[in-house]
Amino acid sequence: MRPLYLLREAMNNLRVNRGNVLIGIVTTAFTLVCFGVFLLLYLNLKNVSGTLQSDIEVIVYLDPGASEQVVSLVQKRLKTEPAAVTLTFVSKEQALRDFSEQFPEESLLLEGMDANPLPASVVVNLSPRFLDTESLSAFAERVKQLPGVTHVAYSQDWVDTLTLMVSYFELGAVVIGMILAMATVTIIANTIRLSLYTRKEEIEILRLIGATGVFIAIPYVIEGTILGALGGGLSLALLKGVFEFLRLELNASGWFAGVEHILPIFPRQVSFLLVMTGMLLGCGSSVLSVFGLMKARS
Amino acid sequence: MIQLFHVSKVYDRCVALHDVSFRIDQGECVILTGPSGAGKTTLLKVIFGAETPDSGQILVQNRNVARIRGGAIPYLRRTMGIVLQNFQLLPQKSVYDNVVLPLIIQGVKRREARQRVMDVLKAVGMEHKQKIRTGVLSAGEQQRICIARAIVNSPILLLADEPTGNLDADLTMEIVELFRRIHAEGTTILLATHNRQVVEQMNGRVVHLQEGRVESDKEATR
Ligand SMILES: Nc1ncnc2c1ncn2[C@@H]1O[C@H](COP(=O)(O)OP(=O)(O)OP(=O)(O)O)[C@@H](O)[C@H]1O
Ligand SMILES: [Mg+2]
């Protein structure tokens, strides 16, 4: 009987307070939309950077004088590296052919030489898991030590920039998330406080007939939680709508023809996270605003 | 049942209670009288834990209310019924919903709660209006609903502060009659009033307060 009563009271509060509740829902939704946009950008950036990064190759140049045994030993060693996904051996002849194709003008220079000056190399594609700056340089260091290896080349800057960008984004998400969360907590707490205020007399009566502070507070906490969940739901609907719209528009516009997926990512966890965050914000802020009830005497 | 030992209460320089001591035994009916500002309301408030006395002890059923923790006050109040002058009802809710509230708070099962509410509504003569919003009831009816709510959990002690304050002479008699019946069934009553008619008709022990002191304490005449 009690749970039913408390739930009914919460519903009643929502109904009586509907103007403010609506404002609370919209503000929560706005906050969560901002949060969600950021999160989606982040996830998509991370996804894109993952695809781009998987194109990064590490080129291991071999000593031109190295014997076949040494070359195959290097390849064998590279295969045991957990970071290496594919290995492609490029012979001196292949290197010359590639060079001539890419730079037909300069290839004339090479023709004047008796011997092919280009070294043989092994092109290594790395698993995306090992694409951060640290594992890359560690990998390069290890490979450089191998006999028959002259030097190791990879595009350090590109990797650094991406890693840095993703980490800035993470920091930005945390800061913005916290500011928005505080704003939402304030607004929901005020909505609930107003709800408490309009029912001041009722609360006095409940106290008089022996209701505990917790009993009096529960409907307001339920009210805040429902408000937050509705805000989360609304933000989800808005985000999903805009997301789908943008995706269709961008794909139809043809500007990005060739780029396979614009905004490909909207994981189910994001939807769940939005609604959960809404609920938690609502619950937390209403607990804050009813805190006084718990200890008040009278 | 209730014992007060040298209870004093001062509101910023205004002495509401000064060294008040008396006891009320189980089954008694005590009328608290005195002019306006004598401290009647304050006395009731320290008994149900709405105010803490500045000094002195108050035992209610062997619990020291003067030192009670805030968290224990709701449980103290569940053993008493409290009726105040301004009706203290939820005007948007029905008679039934108002009266059942103390039982919901205590987690009484729905079927049992319904039975008890119907019993007390019958006792106050309001069973035919159980579905009506209390906001539209007359003053006398509202006070009867308050009394029904106060006795629905069979309290051993009924506290009433000016329960007839807003009522005319006829309605006052009705309410007095109700209190007498409740007392006759064994409930201890402490009723504060400055209404002579009530004092005479209730015919109980009369404790007279004056400027926060017990001025006289007379047993019932009949
Ligand atoms: N919250 C308060 N703050 C300051 N003074 C108070 C407060 N409550 C009561 N008083 C003072 O304490 C004194 C006793 O008040 P109390 O309400 O107990 O009187 P009462 O006997 O119930 O009077 P009445 O018959 O008019 O209801 C009064 O002088 C009143 O002004
Ligand atoms: Mg008074």
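Residues numbered from 1 in each chain as written. Chains lettered and ligands numbered in written order. Predicted model: local features only at pLDDT ≥ 70, side-chain atom pairs only at ≥ 80, totals over all residues. Heavy atoms only, no water.

A. Structural context of the overall build of chain A. Of regular secondary structure, chain A possesses 10 helices and four strands. When the helices and strands of chain A are listed from N to C terminus, the series reads α-α-β-α-β-α-α-β-α-β-α-α-α-α. The contacts in chain A between residues at least 6 apart in sequence include a share of 84% that link residues at least 24 apart. Of the accessible surface of chain A, which amounts to about 16,800 Å², a share of 66% is contributed by carbon and sulfur atoms. (Helix = DSSP H or I, 4+ residues; strand = E, 2+ residues; numbered from the N terminus. Contact = heavy atoms within 4.5 Å. Areas by Shrake-Rupley, 256 points an atom, 1.4 Å probe, with all protein chains shown as cover.)

B. Spatial organisation of the overall build of chain B. Counting secondary structure elements, chain B contains seven helices and 10 strands. Summarising its shape, the C-alpha atoms of chain B cover approximately 45 × 40 × 35 Å along the three principal directions. Expressed as a percentage of its 222 residues, the buried residues of chain B come to 55%. Sequence separation of 24 or more characterises 67% of the internal contacts of chain B that already satisfy a separation of 6 or more. With the model as given, the accessible surface of chain B reaches about 10,100 Å², and the carbon-plus-sulfur share is 46%. (Buried < 20%, exposed > 50% of the residue type's maximum accessible area, 1.4 Å probe, protein only.)

C. Highlighting a positive patch on the surface. A cluster of basic residues, Arg8 of chain A together with Arg110, Arg114 and Lys131 of chain B, forms a positive patch on the protein surface. By secondary structure assignment, the location of Arg8 of chain A is in helix α1 (residues 2–16). (Patch = residues over 30% accessible without salt bridge, like charges linked within 9 Å, V, L, I, M, F, W, Y side chains within 5 Å. Salt bridge = Lys/Arg side-chain N within 4 Å of Asp/Glu carboxyl O. Lys, Arg positive; Asp, Glu negative; His and termini not counted. Charge placed at Lys NZ, Arg CZ, Asp CG, Glu CD.)

D. Molecular detail of the interface of chain A and chain B. Across the boundary between the two partners, chain A contributes 17 residues, which contact 31 residues of chain B. With both sides pooled, the region where chain A packs onto chain B buries about 2,100 Å², and carbon together with sulfur makes up 65% of that total. Counting every contact that joins chain A to chain B gives one salt bridge. Across the pair Lys93 of chain B and Glu9 of chain A runs a salt bridge whose closest N-O atoms are separated by 2.4 Å. Across the contact surface, chain A and chain B share four residue pairs in polar contact (both at pLDDT 80 or more). Of all elements in the fold, only α1 and α8 (200–208) of chain A reach the threshold of two or more residues within the side of chain A that touches chain B. No other element matches the five residues that α8 of chain A contributes to the side of chain A that touches chain B. (Buried area = accessible area lost by both parts, 1.4 Å probe. Polar contact = N/O pair within 3.5 Å; in protein donor to acceptor, adjacent residues only side chain to side chain.)

E. The site of ligand 1, seen in detail. All names here are of chain B. Taken together, 13 residues surround ligand 1, and among them Ser36, Gly37, Lys40, Thr41 and Thr42 come closest. Between Ala38 and ligand 1, the recorded distance is 3.2 Å, taken from a backbone N or O atom to an oxygen atom. Take Gly39: an N or O atom from its main chain is 2.9 Å from an oxygen atom of ligand 1. Isolated, ligand 1 exposes 630 Å² of accessible area, and the fraction of that covered by the protein chains is 63%. The set of elements that each furnish at least two residues to the shell around ligand 1 consists of β2 (14–24) and α1 (40–47). Here the shell around ligand 1 takes three residues from α1, the largest share from any one element. (Near = heavy atom within 4 Å.)

F. Fine view of the pattern of salt bridges. All names here are of chain B. A full pass over the atoms with the stated rule returns 12 salt bridges over all chains. A salt bridge links Glu174 to Arg144, with the nearest nitrogen and oxygen atoms 3.3 Å apart. Separated by 30 residues along the polypeptide, Glu174 in helix α6 (residues 169–184) and Arg144 in helix α5 (residues 139–151) bring together distant segments of the chain.

G. Up close: the packing of helix α3 (residues 95–105) of chain B against helix α4 (residues 110–123) of chain B. Residues and elements named next belong to chain B. Here α3 crosses α4 at 120°, and the two axes come no closer than 10 Å. Here α4 runs oblique to α3, going by the angle between their axes. Remark: the crossing between α3 and α4 carries right-handed chirality. Contacts between α3 and α4 involve Val95, Tyr96, Val99, Val100 and Leu103 on the former and, on the latter, Ala113, Arg114, Arg116, Val117, Met118, Val120 and Leu121. Partitioned by chemical class, the residues of the contact of α3 with α4 number 10 nonpolar, no polar and two charged. (Axes fitted to C-alpha atoms, helices over the stretch in contact; angles between N-to-C directions. Parallel < 35°, antiparallel > 145°, perpendicular 65-115°, else oblique. Left-handed = near helix turned anticlockwise from the far one by under 90°. Nonpolar A, V, L, I, M, F, W, Y, C, P; charged D, E, K, R; others polar.)

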